[in-house]
Amino acid sequence: MSYIPNLRIGLTRNTLLKNFIIGNVGNVGRKRIISFRYFANSIESSTSGAEIPAKKHAPTKEVSFTADKYTYLHRNHNFKELTQDDIRFFASILPASGLIIDNEDDLMPYNVDWMRKYRGKSRLVARPKTTKQVSQILKYCNENKLAVVPQGGNTGLVGGGVPVFDEIIINTNNLNQIRSFDPVAGTLTCDAGCILEVLDNYLAKRGYMMPLDLGAKGSCHIGGNVATNAGGLRLLRYGSLHGSVLGLEVVLPDGTILDNLSTLRKDNTGYDIKQLFIGSEGTLGIITGVSILTPSKPKAVNVAVLGVNSFQNVQNAFVTSKNKLSEILSAFEFWDSNSLKLLKAHNIQGTKFPLEDNYPFYVLVEISGSNKDHDDEKLQNFLEELLTNEIVKDGVVAQDDTQIATLWSLREGIPEACSKAGAVYKYDISIPLSVFYQMVEDIRNRLQSAGVLGEDKLVKDVIGYGHIGDGNLHLNITAKSYDPEITNLIEPYVYEWTEQHNGSISAEHGLGLMKANYLRYSKSPSMISIMKQIKQNIDPNGIMNPYKFLPAQ
Ligand SMILES: Cc1cc2nc3c(=O)[nH]c(=O)nc-3n(C[C@H](O)[C@H](O)[C@H](O)COP(=O)(O)OP(=O)(O)OC[C@H]3O[C@@H](n4cnc5c(N)ncnc54)[C@H](O)[C@@H]3O)c2cc1C
């Protein structure tokens, strides 16, 4: 096998294949792509994934208060303000290390969200260690009408995990024990505050993995993942948490501990109550325990990044991947050239991009299987078909785990690069693939026509990336600052556009504060009415994460 640069092969007329290794196969001397080029030596390896501990994004006092910025919000005066009696109560339940009270600097990382877009004014963070403590705290808050915000890793992107006014923050940092793991069934039971990556590392040693993965894995909690019904990078393969979560332990606002921590895969005895809490974003109760079905860790993983000339060909590559890779396809992600530009400008992990030329679009394809030889053969056939049909122009295949992590870091680094660019307006929508990228272009044109898009203008860039395999676009608009003029140009336009194309205004990030008032674009009046009835029934005092999730009217 030899590396022949700039070779044109018979399979694809006029296609310059800079990065492929070509060799003779079979006894007829036919030229075949043996594999993509190895990474160049100059490409640094990266750490696994984009670890984003909240501390790295230490919020500053420059972030303005949500209540000042969004003047339509008014504090609900039915809620009590924190008193010394309340503080004495919390101190009787939790040790000093489990409480932060009236210290602005210490409270700051809990009051400000990851994007530094929302900032609350909470005076108290409670960090219980046990379910019983959560129950005692919630019971007290409910009886005294003290509003609360459940908080996990605070990596949410819709302002759901931080207070709007002076709500008490109940953070799950200290609820971090793995309770049990069944190595035969693959069922894991743990506290809600366990960090996703910690769980994944624990399982890896036992031959299993978490069924979800996201760029925030180094900080987000499994309880937060369940509360937001997080999707992430491998939903395509392992499905949503509505399928993999087997049971939950939840503390209701009145302090009742709902023990639904089953590890059974089949249980048809009544309403499936846990489903209500998956994606409820802290509005119905606090999740304290999770049991989840974990898949076996694949023996063979391959990752390729490909350069593509048109969005039509991104779709063609996806269809080809389903045909050729079917059951071993585990991720199909995409980003546009503007995303790459941003990634290079804010190169967080020092990664050099492995493709020499620029392309309008890039896709990352991951396959995970149990037999390396079979998988390599399938990947080979897949890549050959892409090249034969001139669907991709260039690409690389990772040769080891370090290179796999490096290729993934290109995709996972985009949200962080956006946040480094200044203020970022994030939209997370589900739309049919046929109009997927049209959304990005329409917004770009709209901002251009309004004269606000450009290097020295209010809006710096409009980028698109996301989970092609799930029809989930992340539209990010980077700006100098959060400005009402920009907001008014984007909203509700982006939601109307989504509704017109039969999409969802929240594919995976949830509603939080950002989208509560736009719910009507994705849910009918009767659906919203039922949601309100459920909320009223479980949380009659409305103390759980107020002002969010459901529209005010
Ligand atoms: C770099 C980056 C990449 C991301 N990638 C993805 C992605 O690919 N897919 C995706 O879906 N999301 C993604 N996110 C968003 C975010 O990471 C997820 O929403 C995650 O599930 C939030 O978990 P958390 O523990 O940080 O929750 P938080 O941000 O603390 O809270 C989120 C919401 O859940 C509620 N909540 C938290 N814990 C509990 C609990 N124990 N009980 C009840 N309610 C609770 C909060 O009140 C809030 O409404 C990303 C975020 C970042 C910063």
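Scope of this entry: the structure provided in the associated data block. Source: prediction; values computed, not measured. (Residues numbered from 1 in each chain as written. Predicted model: local features only at pLDDT ≥ 70, side-chain atom pairs only at ≥ 80, totals over all residues.)

Points about the packing of helix H10 (residues 311-325) against helix H12 (residues 372-388)
In a pair of packed helices, the angle between the axes and the distance between the axes together describe the arrangement.
So, step 1. Taken N-terminus to C-terminus, the directions of H10 and H12 make an angle of 150°; their axes are 9 Å apart at the nearest point. In terms of crossing hand, the pair formed by H10 and H12 is right-handed. Contact residues: H10 offers Ala317, Thr320, Ser321, Lys324 and Leu325, while H12 offers Lys378, Asn381, Phe382, Glu385 and Leu386. (Axes fitted to C-alpha atoms, helices over the stretch in contact; angles between N-to-C directions. Helix = DSSP H or I, 4+ residues; strand = E, 2+ residues; numbered from the N terminus. Left-handed = near helix turned anticlockwise from the far one by under 90°. Contact = placed C-beta atoms within 7 Å.)

Here we look at the nonpolar core
So, step 1. Membership of the largest hydrophobic core comes to 146 residues, with the highest contact counts inside it found for Tyr362 and Val363.
So, step 2. Among residues more than four places away in sequence, those in contact with Val363 are Leu306, Val308, Val314, Ala317, Phe332, Glu333, Phe334 and Ile468. (Core = buried A, V, L, I, M, F, W, Y, C linked by C-beta atoms within 7 Å. Buried ≥ 20, exposed ≤ 12 C-beta atoms within 10 Å, placed from the backbone.)

Considering the sheet that holds strand S8 (residues 187-191)
So, step 1. The five strands lie next to each other as S7-S8-S11-S9-S10, forming an open sheet whose pairing is antiparallel. The strands lining the two open edges of the sheet, one partner per strand, are strand S7 (178-182) and strand S10 (257-260). Taking each pair of neighbouring strands and ignoring which way they run, the sheet shows an average axis angle of 10°.
So, step 2. Here four bridges tie strand S9 (residues 245-251) to S10, and the two strands are oriented antiparallel to one another. Paired with Val250 across the strands is Leu258, a residue of S10. (Pairing = 2+ DSSP bridges.)

Quick look at the site of the ligand
So, step 1. Taken together, 40 residues form the shell around the ligand, and within it Gly152, Gly156, Gly160, Gly224 and Gly282 come nearest.
So, step 2. Elements that contribute at least two residues to the shell around the ligand include exactly strand S5 (148-151), helix H6 (222-228), strand S11 (286-293) and helix H14 (414-420).
So, step 3. With five residues, the single largest contributor to the shell around the ligand is H6.
So, step 4. For the shell around the ligand, the per-class residue count stands at 16 nonpolar, 21 polar and three charged. (Near = placed C-beta within 6 Å. Nonpolar A, V, L, I, M, F, W, Y, C, P; charged D, E, K, R; others polar.)

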